[in-house]
Structure formats: structure tokens, C-alpha cells
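# Analysis of the macromolecular model
Residues per chain, in single letters:
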Amino acid sequence: MLFRRVSLRAAALPLALALAAGLAGCGSSDPATPATASSSGSSGATTLTVFAAASLTGTFTELGKTFEAAHPGTSVKFNFGSSATLAQQITQGAPADVFAAASPATMKTVTDASAATAPTTFVRNKLQIAVPPDNPAKVDELKDLSDAKVKVALCAEQVPCGAAAVKALDAAGLKVTPVTYEQDVKATLTKVELGEVDAALVYKTDVLAAGGKVTGIAFPEADKAINDYPIAALSKAPAPDLAKQFVDLILSSPGRDVLTKAGFEGP
């Protein structure tokens, strides 16, 4: 009896091995397995990360949806903020695919660090004076901001909207002492919207985006402080193909139409 049991087990072993080999062969030949692994494209990425100046929030959000519709399965994630802060994050290794800055100077920080090459200017933007709808301080022109009784908000000088404000005020020969410096243009405009200040120097596009929450006042010195906006795919982009395609969208006619409708000017 002992001999019979050993024989049965020995006979069963080749059959089990054959079945296992057959199942393994079926698994390796399943076409769904490699297709699933490569369905997200040659880069293997389905997320595109875009770092962009705060003043691009509305337009880029809209264009991001356009990009997603044209690339099913791709998600566009944005990091909006001060161009100077974003440039610092990129040079410190933050993973991103595209950088759109509000000034050539902040883009230069990135290109000097070899984090991007060959940026392209895609739009320009100029400043306006933003005041509350009822304009309690009766601000009419740039020189009114030098009145000590007028509470003014400015962007910090190291960010593009702040640097532009310095240029405009210097062109007018004015000295303005703000009650607050903010880290990006959105935060600066919010001070006006909340009635915490009487006026602020922000981009024309942000005044338009705010609708009836503020009133914009154009002034001639703004023409001497126009900011060029460059965009570039980053050198270490996790999704380089998607990065290039997103830049192409921004530079395309449909992209420019969205941007100019929001108040940006052509380069």
C-alpha cells in the first residue's frame, strides 16, 4: 500500500506541473496586461502639472479643461501663485511639467538653473489702479496714491506685479507708502475687494476678472511697466510630451483667444 501511494503522487506531479505551466503561459499571452501598462502614453503619465502666475488662474483653468477634453484620461493640475515663489520651488526640485511666469526675470531664475530652455513670450499685461466700486478715497489717477490718507496695497517688490508697480511709480516720480505688501496679485486685489484698502496696483486682467467687485482706473505710466509672460516646458518634466502639447495649446490661436478675451495683450 505504501508503494501505491508513492506511485500515485509521483504520477500526479507531472500533471500538476503541466497545468501550472499552461496557466502561466495563458497569463503571459494575455494582450490586456501590456496594453494596460502602456495605455497612459510613452511617458507613462496621465497627470500634467503646470506652475503658473496667479494672474493666469482664470484663463489657464479654462484652457486646462480644453486640454483635458482633447486628451481623455489626462488630468491637468495647477499650482498658481507668485512667479518668484514658483520659480524657487522649481529650482529646488518641485516636480512640474510647465512653468508660465509673469515676467522674464522670474523665468530667468529657472533657465539659469537649467530647469527649462527656450521660453516663449505668449502674452503681455499692464497695471491698473483697482478701487472699491464706491471709490471712498476718490482716487482718479496714480498721483492720488501718494496721499498719506489713501490706504494702498502693493505686491511685494520681488514678485512681477510689485516690480511693475515700482517701475510705474518711478516713471511718474512718485513715492507711495503702502499699508501692506502682498505676495501675489490675487492677494493684493483681495484687499480692495474686502474694503481693507482704498486702492491697489494690480493687473488689468485681474480687475476684469473681479467683475463688479472693483473698479479699474487706467493710467499712462502703466505703458512703461508692461510685463511679458514667458512659458516653457521644464527640462525634467515627468510628462514631457504632454508638457510640449500644453505649451502648444497656449501658443495656438484658440489659446490666445482665451487670453486676449481676459484682457491680456499679444506679445
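Rules used in this analysis
Residues numbered from 1 in each chain as written. Predicted model: local features only at pLDDT ≥ 70, side-chain atom pairs only at ≥ 80, totals over all residues. Heavy atoms only, no water. Disulfide = S-S within 2.5 Å. Buried < 20%, exposed > 50% of the residue type's maximum accessible area, 1.4 Å probe, protein only. 1 Å grid on protein atoms, 1.4 Å probe; cavity = no way out; pocket = protein on both sides within 12 Å on 5 of 7 lines; lining within 4 Å. Points joined across faces, edges and corners; volume = space filled by probe spheres on them. Pairing = 2+ DSSP bridges. Helix = DSSP H or I, 4+ residues; strand = E, 2+ residues; numbered from the N terminus. Axes fitted to C-alpha atoms, helices over the stretch in contact; angles between N-to-C directions. Contact = heavy atoms within 4.5 Å. Core = buried A, V, L, I, M, F, W, Y, C linked by side-chain atoms within 4.5 Å.

A few words now on the state of the cysteines. Counting across every chain of the model gives 1 disulfide. Note that C155 is cross-linked by a disulfide to C161, the S-S spacing being 1.9 Å. Given an S-S torsion of about -110°, the disulfide between C155 and C161 has left-handed geometry. Side by side, C155 and C161 carry an identical accessibility label, which is buried.

Right, let's talk about empty space enclosed by the protein for a bit. Applying the stated criterion across every chain yields a total of 1 cavity of 30 Å³ or more. A102, P160, C161, V185 and Y203 are, among the 14 residues lining the largest cavity, the residues nearest its centre.

Two strands in a sheet stick together by hydrogen bonds in their backbones, pointing the same way (parallel) or opposite ways (antiparallel). Read across the open sheet, the 5 strands follow the order β2-β1-β3-β10-β4; overall the sheet is mixed. Only two strands of the sheet have a single partner each, and these edge strands are β2 (75-81) and β4 (120-125). Strand-to-strand twist across the sheet, computed as the mean angle between neighbouring axes with direction ignored, equals 20°. The sheet contact formed by strand β3 (residues 98-100) and strand β10 (residues 227-233) spans 3 bridges and is antiparallel. Its bridge partner being in β10, F99 is matched across the sheet by A232. The strands touched by helix α9 (residues 240-251) within the sheet are β1 (47-53), β2, β3, β4 and β10, with β10 carrying the most contacts at an inclination of about 150°.

The phi dihedral of S114 is positive, around 60°, even though this residue is not glycine. As for its position among the elements, S114 is in the loop between α5 (104-112) and β4. The class for S114 is exposed, based on a relative accessible area of 55%. Even without glycine at this site, A118 takes up a positive phi of about 50°. Summarising the element assignment, A118 is placed in the loop between α5 and β4. Relative accessible area serves as the criterion here: at 67%, A118 is assigned to the exposed category.

Core analysis: the biggest nonpolar cluster contains 64 residues, and L56, F60, F122, I129, L145 and L201 have the highest contact counts within it. Ranked by the residues each element gives to this core, the list is headed by α9, at 6 residues. Setting aside residues up to four positions removed in sequence, I129 forms contacts with V139, E141, L142, L145, A199, A200, L201, T215, G216, I217 and F219. Residues I90, F99, A115 and A232 belong to the second largest nonpolar core, which totals 13 residues.

As summarised here, the arrangement of the 5 strands in space is β7-β6-β8-β5-β9, forming an open sheet in which the pairing is mixed. The sheet is open, and its two borders are formed by β7 (180-182) and β9 (215-217), each paired with just one other strand. Strand-to-strand twist of the sheet, defined as the mean angle between neighbouring strand axes without regard to direction, takes the value 35°. Direction of pairing for strand β6 (residues 152-155) relative to strand β8 (residues 199-203): parallel, over a ladder of 2 bridges. Paired with V152 across the bridge in β8 is A199. Relative to the sheet, helix α7 (residues 185-193) contacts β5 (127-131), β6, β7 and β8, its axis offset from that of β8 by approximately 145°.

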